[in-house]
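Architecture at a glance
Single-letter residue listing:
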Amino acid sequence: MRLAFLGLGLLFTGLGFLGALLPILPSTPFFLIAAYLFSRSHPRLEAWLLSLPQVGPLVKNYREGRGIPRRTKVLATALALGAAGISIYGLPHIAGQVAVVLLIAYGLYFIWKRVPTLAPEEAPENQKFPKG
């Protein structure tokens, strides 16, 4: 199981870095998942991820229950709605469209109601990426 968590952690880390480069792909959720998986499989990689100046503070704030910055929530919302619109337009069946709407609605509910919003003065100053 440890090897599976390590492999998935590497995959999600890669997706996080990809999300930092691509405007349509959020990176913060991928880094949060990667940190969790590394905590279960490879503490040195977890420590490395947490030491990254743009990633570490976001993961640490989330883990401490302090939340994520409002800017990140707004960006994640905009990207999710944009991706949902493209997906709904491209899906031929109503069942797929409904599934997309429900998944996006739950994701936005989770981001805005379940995850605390980090106060602006607590947000990392060097947060140029990750977005989302």
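Here's what I pulled together on the structure shown here. These numbers come from a predicted model, not from an experiment. (Residues numbered from 1 in each chain as written. Predicted model: local features only at pLDDT ≥ 70, side-chain atom pairs only at ≥ 80, totals over all residues. Heavy atoms only, no water.)

1. Looking at helix H4 (residues 56-63)
Basically, it comes down to this: Burial classes: relative accessible area under 20% of the type maximum marks a residue as buried, over 50% as exposed, and values in between as partly exposed (1.4 Å probe, protein chains only). Helix and strand definitions here come from DSSP, where helices need a minimum of 4 consecutive H or I residues and strands a minimum of 2 consecutive E residues; each element is numbered from the N-terminal end.
Those residues of H4 that fall on the buried side of the exposure criterion are Gly56, Leu58, Val59 and Asn61. After H4 finishes, the residue Gly65 shows a positive phi value of roughly 80°.

2. Here's the deal with a nonpolar patch on the surface
What counts, and what does not: For patches, a residue must show more than 30% relative accessible area and have no salt bridge; joins then use 9 Å for like charges and 5 Å for nonpolar side chains, namely Val, Leu, Ile, Met, Phe, Trp and Tyr. Note on areas: these come from Shrake-Rupley sampling with a 1.4 Å probe, and a residue is covered only by the protein chains present in the view. A side-chain nitrogen of Lys or Arg and a carboxyl oxygen of Asp or Glu constitute a salt bridge if their distance falls within 4 Å.
A grouping of Tyr62, Tyr106, Tyr109 and Phe110 is seen on the molecular surface, where their side chains present a nonpolar patch of about 410 Å² in accessible area. For the nonpolar patch, the leading source of residues is helix H6 (residues 94-114), giving three residues. Among the secondary structure elements, Tyr62 is positioned in helix H4. Its relative accessible area of 32% is what places Tyr62 among the partly exposed residues.

3. Details of helix H2 (residues 28-41)
Counted only if it meets this: Given the number of residues in a helix, its expected span is that number minus one, multiplied by 1.5 Å. Residue contacts are defined here by distance: any two heavy atoms, one from each residue, within 4.5 Å place the two residues in contact.
When the terminal C-alpha atoms of H2 are compared, their 20 Å separation across 14 residues agrees well with the 20 Å that a helix rising 1.5 Å per residue should span. All buried positions along H2 are accounted for by Thr28, Phe30, Phe31, Leu32, Ala34, Ala35, Leu37, Phe38 and Ser41. Looking at the buried residues of H2, the elements they touch are helix H1 (2-21), helix H3 (43-51), H4 and helix H5 (70-90).

4. Concerning the pattern of salt bridges
Opposite charge on two side chains allows them to pair when their charged atoms are near. Counted by the stated rule, this structure contains two salt bridges. Here Glu46 and Arg63 are joined by a salt bridge, their closest N and O atoms 2.7 Å apart. Residue Glu46 is located in helix H3, and its partner Arg63 is located in helix H4; the two are separated by 17 residues in the primary sequence. Given a relative accessible area of 40%, Arg63 falls into the partly exposed group.

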